[in-house]
Amino acid sequence: MNRPEQKEKRLKIIGFLCNWCSYAGADLAGVSRLQYPAEIRIIRVPCSGRINPLLVLKCFQEGADGVLVSGCHPGDCHYQEGNLYARRRMLLLRSLLGYFGIDERRFHMSWVSASEGRKWAEVVSRLVADVRAADAESRSGQGVSAW
Amino acid sequence: MVASGGSPGGRGPGGSPGAGTRAQEALRTSAAGLLAEGKVEAVIGYGLSPAGDVVPRFVRRSQDAAGLLWNDRCTYNLVGYLTDRDLLAGLAGPEGAAGADTAQSPRFAVTVKGCDLKSLVVLLAESQVRREALTVIGLPCGGVVDQEGRLLGKCVACPEEVRNLRTEPGESPANGPPAGEPAAARRLVDLVMGDPVPGDRIAASAPLQAEPFQDVAEIEGMPRAGRRAFWDAHFSRCLRCYACRNVCPLCYCKECVFDQHNPRWVSPAPGIPSNRAFHLIRAYHLAGRCVDCGECERACPVGIPLRLINRKVAQVVKESFGFEAGTSPEARAPIVDFASGDPEEFIE
Amino acid sequence: MKVLTRKALEALLAARVEEWELIAPVEIDGKSYFHALNSGSRLGEVTDASAAPLLTVNPVKEFFFPRRQELYVQGPEGITSLDSEPQRPRLLLFARPCDARGLGVLDRVFLGEVPDASYAARREATTIVGLHCLEPDSRCFCSAVGGGPFGTEGMDMALTPLDESRFAAEALTEKGEALLAALGAAAGKAGGAPGLPDAGEAERRLVESLRAKAEAAVSRDLEIPSPEALAARFESDYWIEASRSCLACGVCSYLCPTCHCFDIVDEGYLRLRCWDTCSADTFTRTAAGENHHKHKHTRYRQRVFHKFGWFKENYGTVSCVGCGRCTRHCPVKIDIAEVVNGVGASHG
């Protein structure tokens, strides 16, 4: 019997999580035994404001299928305003990615607080779904790679 | 073919030889005077090479000021030379180079068109040049041309107040600042060569865009795959010669990210992915800083429409952060700033 | 000397479009480049010699010495060599005499004592059809460096346009003879008599007069300094003056038919070779950070000394074919001929 579905490609998704909110939120999701896709590989940083857009682009160049930046909600940043800088920077980055025809669905940003374990699981699920959709579209198109 | 743009040595600003000659004469006289009086070590301006090309010229002796040029072929943005310490030290000579922070520090004059002046404003905002060490010579301009004598794309949309160097509200370059205004140190332009230039030539050229960022919108309007193909085709020709970066007055980092090996952010070898990263990152680093002087696009040997990238960034910066580069030496760059109402629809 | 019609040339190219890789000047966004054609759709355009540009932006070196050449990948099983595909036969159409001669200069480096296998394979597989220049412009100085508008060095076959539909064709090598025979066969299939007709008296005289006119048009002279003259100027401030406006980008090196410096870059486990330029400030930067060419003027001096001094001493020819691309595309129009001519005249 033919198995119609192929083995799904193992996605490489990098998540930059701020230590104080998002990383704690992800940790809460784990402790609460909430299921979320295992494709995400987490890098803990002190603050979303520490994320140099160059890091995101380095991920894409090295073959990442998707990248996530997650930080504290505005007003809750452990360093007062780091996430407010991140907000501007990632907006600009996302616009440029789209302008060059890179699928913006591959780059997500979220505010996840330390108590939002459930939200974390949802954020990752949405990201993985978006990346798979982007992959499917590019495969059916001219076979272009993510980057 | 060495193009003459219609007449040997180019036409005056606004296209008429007469006005050009007057402004050019004023320039030569002013420059000769500044040098003779020892007010500046060198005048950075335009000259004519033996082969008939307009070239950057660094005049150190008063008698050489007669070789300075001002016409519609003077496309270069000379402001970039002001961040080249080696160059300036070489121009200053052994006596001038001593005591960079003293009254004896080297002083230079530089000729600027309106677009060039905006890039100088950014350099001032970023403390890369000392205003007191500069004599800024303004050149009212009616547009500059390419090798075939066609008006450059950036000139078509140039507002009157930029081309005629009206640097303060209500100020006319010929009349000086309004009464009661602070003294010269706050002024952006010290000397203005010639009268304001009419915009007939610009008006007669290709029609203005209906919307300010229409060229960018056209790219945005393409489907994603089309945009990807459009840019990939251009990036496939990119040689990574860095002419765009090196000609840019605002790319002055002593160690550029693209020259860093540890960490290495982008492969130095050309290839569509690495070229795309290079152009994206460079444009990103110019966010809120690029003033659309257009030199990058002019310098590119393989015709990549670089202004379309920088203008996209300018559009985002304007529409999302309400900021425009090159308007004020006190401006705070948008990428090192934030506002409580910053857009966050894209954030979950 | 034979007479070749455009029709016969087109017919042969169309017939061989699957078998051969065709490289010819094509127009992209208003500029002309040597480009590999992957279909026959533009054959009519490319065989129109009257529309061929005097000079393309890019030289032909990239088809033998690629801008980006993937060498090997290191994997768990060891090293997997790349770039070892057997080379398809190729036809390089309408190389100008300077382009073809440039390959001869590169041959001295890449086919020397330690031949570069991939370069050799590409050279072997390529038949070079040159196109004589009827209208050199004021920037050309091929004649001053051992070439000429009707030169044939480096060509397998030389074509001289006689009119819009015919060329005088001369086979210069075995490959050229083989091509001539194939063209003759194609002419036969296209409806004419098989074999190409010999050039008659009228055609020969026309070629001679075109040659005389073209050679007279190359008026730029270059006084190549002797090794002693160069050595005497090594420490001179002349180099500071000559390179003052230089942006230290890579346009001159990358567009030069004879420049061949390269870098080895690792992208992950992929090792590749890519072009490099002595103009760049990182050119001699070592891993420890030491850089003995951190000043622009010593790098510019090195460029001139290499091309007009040391290369000549080592290989018997200057590393310059007088195409003028470096000046044509330099963002600030630095003229290497002017710089070289000034060496003799410079003092101290």
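Residues numbered from 1 in each chain as written. Chains lettered and ligands numbered in written order. Predicted model: local features only at pLDDT ≥ 70, side-chain atom pairs only at ≥ 80, totals over all residues. Heavy atoms only, no water.

Q: I'd like to hear about the overall build of chain C, residue by residue, with values.
A: The helix and strand inventory of chain C stands at 12 helices and 11 strands. In terms of C-alpha radius of gyration, chain C reaches 22 Å, essentially the compact-globule figure of 20 Å for 348 residues. Projected onto its principal axes, the C-alpha positions of chain C cover 70 × 60 × 40 Å. Out of the 348 residues in chain C, the part that is buried amounts to 54%. Put simply, 74% of the contacts in chain C that link residues at least 6 apart link residues at least 24 apart. Roughly 15100 Å² of accessible area belongs to chain C as shown, and the carbon and sulfur atoms make up 52% of that amount. A distance of 3 Å separates the average location of the 40 positive side-chain charges in chain C from that of its 47 negative side-chain charges. (Helix = DSSP H or I, 4+ residues; strand = E, 2+ residues; numbered from the N terminus. Rg over C-alpha atoms; globule rule 2.2 N^0.38 Å. Buried < 20%, exposed > 50% of the residue type's maximum accessible area, 1.4 Å probe, protein only. Contact = heavy atoms within 4.5 Å. Areas by Shrake-Rupley, 256 points an atom, 1.4 Å probe, with all protein chains shown as cover. Lys, Arg positive; Asp, Glu negative; His and termini not counted. Charge placed at Lys NZ, Arg CZ, Asp CG, Glu CD.)

Q: Describe the packing of helix H2 (residues 53–61) of chain A against helix H3 (residues 82–99) of chain A, naming the residues involved and giving the relevant values.
A: Residues and elements named next belong to chain A. For the pair H2 and H3, the least separation of the axes is 10 Å and the interaxial angle reads 35°. For the element pair H2 and H3, the recorded crossing hand is right-handed. For the pair formed by H2 and H3, the contact residues are Pro-53, Val-56, Leu-57 and Phe-60 on the first element and Arg-89, Met-90, Leu-93 and Leu-97 on the second. Looking at the contact of H2 with H3 residue by residue, the classes come out as seven nonpolar, no polar and one charged. (Axes fitted to C-alpha atoms, helices over the stretch in contact; angles between N-to-C directions. Left-handed = near helix turned anticlockwise from the far one by under 90°. Nonpolar A, V, L, I, M, F, W, Y, C, P; charged D, E, K, R; others polar.)

Q: Explain the interface of chain B and chain A to me, and be specific about the residues and the numbers.
A: Taken together, the contact pairs 45 residues of chain B with 41 residues of chain A. Buried surface at the junction of chain B and chain A, summed over both partners, amounts to about 4000 Å²; 63% is from carbon and sulfur atoms. If you sort the residues of chain B by the area they bury against chain A, B:Trp265, B:Phe346 and B:Glu348 come out on top, with a joint share of 22%. Taken together, the connections running from chain B to chain A amount to five salt bridges. Here A:Arg87 makes a salt bridge to B:Glu344, at a shortest N to O gap of 2.6 Å. Our count for the chain B to chain A interface comes out at 22 residue pairs in polar contact (both at pLDDT 80 or more). (Buried area = accessible area lost by both parts, 1.4 Å probe. Salt bridge = Lys/Arg side-chain N within 4 Å of Asp/Glu carboxyl O. Polar contact = N/O pair within 3.5 Å; in protein donor to acceptor, adjacent residues only side chain to side chain.)

Q: Run through the state of the cysteines, naming residues and quoting values.
A: Under the definition given, this model contains one disulfide over all chains. Take A:Cys59: it sits in no disulfide, and the sulfur closest to it among the cysteines is that of A:Cys18, at 17 Å. Taking the relative accessible area as the measure of exposure, A:Cys59 reaches 13% and is therefore buried. B:Cys248 supplies the cysteine sulfur nearest to B:Cys251, a cysteine that is in no disulfide, at a spacing of 4.0 Å. By relative accessible area, which is 27% here, B:Cys251 ends up partly exposed. (Disulfide = S-S within 2.5 Å.)

Q: Give a description of the sheet that holds strand S4 (residues 107–111) of chain A that names residues and reports values.
A: Residue and element names in this part refer to chain A. The four strands are arranged S2-S1-S3-S4 in an open sheet whose pairing can be described as parallel. The sheet is open, and its two borders are formed by strand S2 (40–45) and S4, each paired with just one other strand. Shown here is a sheet whose adjacent strand axes are inclined to one another by a mean of 20°, direction ignored. In this sheet, S2 lies alongside strand S1 (residues 13–18) in parallel orientation, the contact comprising six bridges. Residue pairing in the sheet places Leu-17 in a bridge with Arg-44 of S2. Sitting on the sheet, H2 is in contact with S1, strand S3 (66–71) and S4, with an inclination near 155° to S3. (Pairing = 2+ DSSP bridges.)

Q: Can you tell me about the side chain of B:Asp259, naming the residues and giving the values?
A: Its location among the elements puts B:Asp259 in the loop between helix H9 (243–247) and helix H10 (272–285). Relative accessible area serves as the criterion here: at 11%, B:Asp259 is assigned to the buried category. When near neighbours in sequence (up to four residues on either side) are disregarded, B:Asp259 contacts B:Arg245, C:Asp281, C:Thr282 and C:Arg285.

Q: Quick one: what's the story with the sheet that holds strand S3 (residues 108–112) of chain B, residue by residue and with numbers?
A: Each strand in a sheet pairs with another by means of backbone hydrogen bonds, the pair being arranged parallel or else antiparallel. All names here are of chain B. Read across the open sheet, the five strands follow the order S2-S1-S3-S4-S5; overall the sheet is mixed. The strands lining the two open edges of the sheet, one partner per strand, are strand S2 (54–59) and strand S5 (191–192). Here strand S1 (residues 42–48) runs beside S3; their pairing, made up of three bridges, is parallel. The residue bridging Ile-44 from the neighbouring strand is Val-110, located in S3.

Q: Can you explain the arrangement of the chains? Please cite residues and give values.
A: The chain pair with the greatest number of contacts, out of two pairs of chains in contact, is formed by chains A and B. Separated throughout, chain A and chain C approach each other most closely at a C-alpha pair spaced 8 Å apart.

Q: Let's hear about the pattern of salt bridges: which residues, and what values?
A: Evaluated as defined, the whole model comprises 54 salt bridges over all chains. A salt bridge links A:Glu62 to A:Lys58; the nearest nitrogen and oxygen atoms lie 3.3 Å apart. The exposure class assigned to A:Lys58 is partly exposed, which follows from its relative accessible area of 24%. C:Arg285 is the partner of B:Glu255 in a salt bridge, and the nearest nitrogen-oxygen pair spans 3.5 Å. Remark: C:Arg285 occurs in the loop between strand S11 (270–275) and helix H10 (296–315) and B:Glu255 occurs in the loop between H9 and H10; the pair is interchain, linking two chains.

Q: Would you mind going over unusual backbone geometry in detail, with residue names and values included?
A: Residue B:Pro263 follows B:Asn262 across a cis peptide bond; omega there is 5°. Of note, B:Pro263 is situated in the loop between H9 and H10. Positive phi values are uncommon outside glycine, yet A:Gln80 reaches one of about 75°. Within the secondary structure, A:Gln80 is located in the loop between S3 and H3. Positive phi, normally seen in glycine, also occurs at C:Ala248, with a value near 60°.

Q: Tell me about the confidence of the model for chain B, residues and numbers included.
A: Residues and elements named next belong to chain B. Overall, the predicted model of chain B reaches an average pLDDT of 87, with 84% of residues at or above 70. Predicted confidence is poor over residues 1–9, with pLDDT under 50, and the contacts of this stretch with residues over four places away or in other chains come to 16 contacts. Here residues 96–102 is modelled with pLDDT under 50, and outside its nearest four sequence neighbours on either side it reaches 13 contacts, counting other chains as well. (pLDDT = per-residue confidence, 0-100.)

Q: Requested: an account of the confidence of the model for chain C, with residues and values cited.
A: Summing up the model confidence of chain C, the mean pLDDT is 93 and the portion of residues at 70 or higher is 98%. Overall fold confidence (pTM) sits at 0.94, and the ipTM for the predicted complex is 0.95.

Q: Give a description of the environment of C:Glu124 that names residues and reports values.
A: Along the chain, the position of C:Glu124 falls in helix H4 (residues 117–125). Taking the relative accessible area as the measure of exposure, C:Glu124 reaches 60% and is therefore exposed.

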